[in-house]
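If you want the building blocks of each chain, they are given just below.
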Amino acid sequence: MTDFPWQGAFEIRERIDQGETSAVDVTRAFLDRVETLNARLNAFLYVDHEGALAAAAGVDRARAAGAPLGPLAGVPVAVKDNLCTRGVTTTCASKILGGYVPPYDAHVIEALRHAGAVIVGKTNLDEFAMGSSNENSAFGNVLNPWDVKRAPGGSSGGSACAIAAGLASLALGSDTGGSVRQPGAFCGVNAFKPTYGRVSRYGLIAFASSLDQVGPMARSVRESAAMLEVIAGHDPRDATSADQPLSGYVEACDAGVKGLRVGVCRDQIEGVQDADVKKALDSALAALEAQGASLVDVTLPHAKHAVSAYYLIAPAEASSNLARFDGMRYGLRVTGSDLTDTYNKTRGEGFGPEVRRRIMLGTYALSAGYYDAFYLRAQRVRTLIRQDYDDAFSKCDVLCTPTTPTPAFALGEKTSDPLEMYLADIFTLPPSLAGLPAISTPCGLSGGGLPIGIQIVAPPFEEGRICSAAQVVEDACGLVTSPPPAFA
Amino acid sequence: MGDPKITLEEVQRVAKLARMELSADEANEMQAQLDSILGYIAELDALDVSKVEPTFHSIPMDAALRPDVPARCVDREEVLAEAPETEAGGFAVPLVLEVDS
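Keep in mind the model is a prediction, meaning the values are calculated, not measured. (Residues numbered from 1 in each chain as written. Chains lettered and ligands numbered in written order. Predicted model: local features only at pLDDT ≥ 70, side-chain atom pairs only at ≥ 80, totals over all residues.)

## Notes on the overall build of chain A
In step 1: Within chain A, the regular secondary structure consists of 17 helices and 11 strands.
In step 2: Across its three principal directions, the C-alpha atoms of chain A cover 65 × 55 × 45 Å.
In step 3: Expressed as a percentage of the 488 residues in chain A, the buried residues total 64%.
In step 4: Taking all contacts inside chain A whose residues are at least 6 apart in sequence as the whole, residues at least 24 apart take part in 76%. (Helix = DSSP H or I, 4+ residues; strand = E, 2+ residues; numbered from the N terminus. Buried ≥ 20, exposed ≤ 12 C-beta atoms within 10 Å, placed from the backbone. Contact = placed C-beta atoms within 7 Å.)

Have a look at this one:
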């Protein structure tokens, strides 16, 4: 048996089911740990003591009454603060939504509650999920538990930190261009971005609607697979929710990789300078080969244009989505001399620098005379990137790159140059633009003791293949049993 | 150095379109940052995409329709509780149209 707080979600549920502990005791233990460590790590923007204990008591009552327990019964889960939680503040780490209390639950929150999960609190993020280091939060950045001088990644940095530091068992993040995968890689946890449409976006506060997906984060592949089973599926409240059959993702973790053709993106990997990242990737690929997979070289000739295309498409969609924050119906209002002045002041004061930058970029790209040259051109380039994947997947079943070009960079290292920050997303953006499912799973540590992640991408709705491959990597070189030393 | 990709005047025009106040300092900084980002993005101009269809939806799907059945919606009081200002069961907003009396 593993000691608190490093037991897996399955073990916690099993112990509650067997009556060895109660959900309330488990929840109290995690809340105490959060109390002790969060002031330093800043992973949670809000800790829901009352709600968590009430949910846990509900699980204990159900068990006492002999009712069947849900798949995540009594498991403490941290939730990114851009997912609407009824009666619990949801701020997107923005001053413009400071103190906002949604009147409804997001689809994924309903699904978690239905599965018996205990929602511990709301995690920190880059404002409106825009950023790769968490430094764009209006409420201070999260620290990386492996090295507190380094970025936890973004934008789901709070969720990644929370599970890496043992403040919760599981977490939900959201991923638009890498926002679960990159912090997953930086903090040494699994982070799964499902196929676009696999998980309902109902109640996820929109950033870029053609890209946003909610994704599970967990220390093990199997736990992220279990969480995906809970949140995936068709939801009529999201018009882009896919009505596609689900497969058993947990079961897929045991399927192995015999005969699986693993594509290795040689052209993308050539550009990696970091020797530790290359070495960790090679060890993961060797593990896959040793278990019966065959390695196939593939190329994605247009992936190098993903940063340019993404930083037109996502800001364009964001500029439109964020028009709703106008100080009229919710959130901050800064009263001006008239209606327009009120809009201008509310939005000028309410949004932080990165959000303002992206609204400006998007508004520019969509404005009269520029639409064809910028937005439409970017959407055409997106087609080329999709076609590259179609070609690649005629030769392979899954496709691998590192998740990030380097392990976690230092806090403050890239804040003065927004473009420099954008370029750190080079590997996570192409699958996002193509709508493909992808995981970042830990595959080793750098010489300096920082986690490194491998990204495994599959064709649409083939999340099961990702689970099979990621499990093999985890068994050979994962970090499930090696939490960050300072918090172990 | 060639011409800037975006001028300070254009930054001011776009800020106006976005209904977002920028101070003079913020506008200057924004101009420099957007110029650098647009300078990088200009690499796309080298691609001939004239014969390529745009991708607006990465995963092809039909427009979703659901049965037109009334359902319970969010409670009005709960929604209004989040508004900066309310009046008579609605959102109170600054005057939108001037009316001569």
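## A few points about the packing of helix H13 (residues 353–366) of chain A against helix H2 (residues 24–41) of chain B
In step 1: Their axes nearest at 11 Å, the elements H13 of chain A and H2 of chain B cross at an angle of 60 degrees. Looking at the two axes, H13 of chain A sits oblique to H2 of chain B. For the crossing formed where H13 of chain A meets H2 of chain B, the hand is right-handed. Of H2 of chain B, the residues touching H13 of chain A (which contributes Arg357, Met360 and Leu361 of chain A) are Met30, Gln33, Leu34 and Ile37 of chain B.
In step 2: Here the contact of H13 of chain A with H2 of chain B is composed, by residue class, of 5 nonpolar, 1 polar and 1 charged. (Axes fitted to C-alpha atoms, helices over the stretch in contact; angles between N-to-C directions. Parallel < 35°, antiparallel > 145°, perpendicular 65-115°, else oblique. Left-handed = near helix turned anticlockwise from the far one by under 90°. Nonpolar A, V, L, I, M, F, W, Y, C, P; charged D, E, K, R; others polar.)

## Brief notes about the pairing of strand S6 (residues 213–218) of chain A
All names here are of chain A.
In step 1: Counting buried residues in S6 gives 6 out of 6 residues, a clear majority hidden from the surface.
In step 2: The alternating pattern of S6 places Gln213, Gly215 and Met217 and Val214, Pro216 and Ala218 on opposite faces, both of which are buried.
In step 3: With 6 bridges connecting them, strand S4 (residues 170–175) and S6 associate as antiparallel partners. Of the residues in S6, the one forming a bridge with Asp175 is Gln213.
In step 4: Note that strand S5 (residues 190–193) and S6 share 2 bridges and pair antiparallel. Counted as the bridge partner of Ala191 is Met217 from S6. (Pairing = 2+ DSSP bridges.)

## As for the sheet that holds strand S1 (residues 44–47) of chain A
In a beta sheet, neighbouring strands are held together by backbone hydrogen bonds and run either parallel or antiparallel to one another.
All names here are of chain A.
In step 1: Spatially, 11 strands are ordered S1-S3-S2-S4-S6-S5-S10-S11-S9-S7-S8 in an open sheet, and the strand pairing comes out mixed. Each edge of the sheet is formed by a strand with only one pairing partner; in this case those strands are S1 and strand S8 (294–298). On average, each strand axis in the sheet is inclined to that of its neighbour by 30 degrees, with strand direction left out of account.

## Describing the environment of Ala365 of chain A
All names here are of chain A.
In step 1: Tracing the backbone shows Ala365 in helix H13.
In step 2: The spacing of Ala365 and Cys477 is 112 residues in sequence and 43 Å in space, taken between C-alpha atoms.
In step 3: Setting aside residues up to four positions removed in sequence, Ala365 forms contacts with Leu312, Pro315, Ala316, Tyr370, Phe374 and Tyr375.

## Details of the pairing of strand S2 (residues 76–80) of chain A
All names here are of chain A.
In step 1: Summarising burial for S2: 5 of the 5 residues are buried, a large majority.
In step 2: In S2, alternate side chains face the same way, and those of Pro76, Ala78 and Lys80 on one face and Val77 and Val79 on the other are all buried.
In step 3: Both S2 and strand S3 (residues 118–123) contribute to a ladder of 5 bridges, which runs parallel. For Val79, the partnering residue across the bridge sits in S3 and is Lys122.

## Some points on the nonpolar core
In step 1: By size, the foremost hydrophobic cluster in this structure holds 172 residues, and its most contacted members are Val77 and Ile163 of chain A.
In step 2: In terms of residues, this core owes the most to one element, helix H11 (residues 306–321) of chain A, which gives 10 residues. (Core = buried A, V, L, I, M, F, W, Y, C linked by C-beta atoms within 7 Å.)

## Structural notes on the interface of chain A and chain B
In step 1: Counting residues at the interface gives 55 residues for chain A, matched by 43 residues for chain B.
In step 2: Secondary-structure elements contributing two or more residues to the side of chain A that touches chain B are H11, helix H12 (339–350), H13, helix H14 (372–392), helix H15 (418–423) and helix H16 (429–434) of chain A.
In step 3: A total of 10 residues in the side of chain A that touches chain B trace back to one element, the largest contributor, which is H14 of chain A.
In step 4: For the side of chain A that touches chain B, the per-class residue count stands at 27 nonpolar, 17 polar and 11 charged.

## Here we look at H2 of chain B
The α-helix advances 3.6 residues per turn, and as a result positions three or four apart in sequence lie on the same side.
In step 1: Between its terminal C-alpha atoms H2 of chain B stretches 25 Å, which fits the 26 Å expected from 18 residues at 1.5 Å a residue.
In step 2: Here H2 of chain B has its buried residues at Met30, Gln31, Gln33, Leu34, Ile37, Leu38 and Ile41 of chain B. (Expected span 1.5 Å × (residues − 1).)

## Quick look at helix H5 (residues 157–164) of chain A
All names here are of chain A.
In step 1: Counting buried positions over the 8 residues of H5 gives 8, a clear majority of the element.
In step 2: Listed in full, the buried residues belonging to H5 are Gly157, Gly158, Ser159, Ala160, Cys161, Ala162, Ile163 and Ala164.
In step 3: Backbone geometry just after H5 places Gly166 at a positive phi near 70 degrees.

## Here's the deal with the confidence of the model for chain B
Residue and element names in this part refer to chain B.
In step 1: Summarising the model, chain B shows a mean pLDDT of 92, and 97% of its residues fall at 70 or more.
In step 2: Here helix H3 (residues 76–80) is the element of chain B with the lowest mean pLDDT, 94, and helix H1 (residues 8–17) is the one with the highest, 97.
In step 3: Overall fold confidence for the complex sits at a pTM of 0.97, while the interface term, ipTM, reaches 0.94. (pLDDT = per-residue confidence, 0-100.)

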